[in-house]
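# Breakdown of the fold
Chain by chain, the residues:
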Amino acid sequence: FGPDPAFRRYAVFHLLTYTGNVGLVLAEEVTAFYACFALMTFAAYGLVVHTGSPAAQRAGRVYLALAILGEALLLAALFLAVDAAGSWRLADLGPAVAQANSRDAIIMLALFGFGVKAGLLPLHFWLPLAHPVAPAPASAVLSGAMVKAGLLGWMHVLPLGHGSFATWGLLLIALGLLAGIYAVICGLPQSEPKTNLAYSTLSHLGLITVGVGAGLLAPHHW
């Protein structure tokens, strides 16, 4: 990694984040998925606070607090989904959640647990804080593959295509549309390119969230 200690530290956190991200995409069962998700989540903290500036430290604290909250919620969702499915395979979770007595609790926990990564309102505010203070390659990671991990978590756990859940679907569509509009309004006046990128990411994630909400609302379209 070269003689620069700061670069070596950055490279280690970057590679750990990348490893977790790739691992959770490849995972086929819950244990591997969660382990890689957690690795990605906490390794990314090192990218956020890399510069050590007061702004980076503040962004790191906010990110870490929301990350811990998200991990707790999604872990609860995964445990309940595994209990409903009687299986640790990710492919078995969605159909089982659709029939589970605790399906509303699982859906709520999964929506907000994975929603921290997916920029779901009102859990989105770590992104505009973290992007400007992180190095440019780290901003690309935060706004690219990492936020899509939340979407993948939704696709694994939510009962998409296995029944109509109108209340949750409409809520997700509303939050997605709100995020898309809100991010544009907040992003246009920004002069810092990486802050603008953060709001652009939120806007695109809002459109994706609308699609997931439509899948909960109208399973035949999923």
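First things first, this report covers the structure right here in the doc. If you're wondering where the values come from, they're calculated on a predicted model, not measured in any experiment.

The rules behind these values
- Residues numbered from 1 in each chain as written.
- Predicted model: local features only at pLDDT ≥ 70, side-chain atom pairs only at ≥ 80, totals over all residues.
- Heavy atoms only, no water.
- Helix = DSSP H or I, 4+ residues; strand = E, 2+ residues; numbered from the N terminus.
- Buried < 20%, exposed > 50% of the residue type's maximum accessible area, 1.4 Å probe, protein only.
- Contact = heavy atoms within 4.5 Å.
- Core = buried A, V, L, I, M, F, W, Y, C linked by side-chain atoms within 4.5 Å.
- Axes fitted to C-alpha atoms, helices over the stretch in contact; angles between N-to-C directions.
- Left-handed = near helix turned anticlockwise from the far one by under 90°.
- Nonpolar A, V, L, I, M, F, W, Y, C, P; charged D, E, K, R; others polar.

It is worth spelling out the environment of Leu177 at this point. Considering the arrangement of structural elements, one finds Leu177 in helix H9 (residues 166-187). Judged by its relative accessible area of 46%, Leu177 is partly exposed. Residues Leu177 and Ile208 lie 31 residues apart in sequence; the distance between their C-alpha atoms is 9.6 Å.

Next up on the list: the side chain of Asn21. Turning to its location among the elements, Asn21 is positioned in helix H1 (residues 5-26). Residue classification places Asn21 among the buried positions, given a relative accessible area of 9%. Excluding anything up to four places from it in sequence, Asn21 contacts Met40, Ala145 and Met146.

What follows concerns the nonpolar core. The biggest cluster of nonpolar side chains holds 64 residues, and the ones touching the most others in it are Trp126, Trp154 and Leu158. For this core, the element with the highest residue contribution is helix H3 (residues 54-85), accounting for eleven residues.

Turning to unusual backbone geometry, a few remarks are in order. The omega angle of the peptide bond from Leu121 to Pro122 is 5°, so this bond is cis rather than trans. When you line up the elements, Pro122 lands in the loop between helix H5 (103-115) and helix H6 (126-133).

The subject of this paragraph is the packing of H3 against H5. Look at H3 against H5: their axes get within 8 Å of each other, and the N-to-C directions meet at 145°. Here the hand of the crossing between H3 and H5 comes out left-handed. Here Gly70, Leu73, Leu74, Ala76, Ala77, Leu80 and Ala81 of H3 come into contact with H5, specifically with Ile106, Leu109, Ala110, Phe112, Gly113 and Phe114. Per-class residue counts for the contact of H3 with H5 are eleven nonpolar, two polar and no charged.

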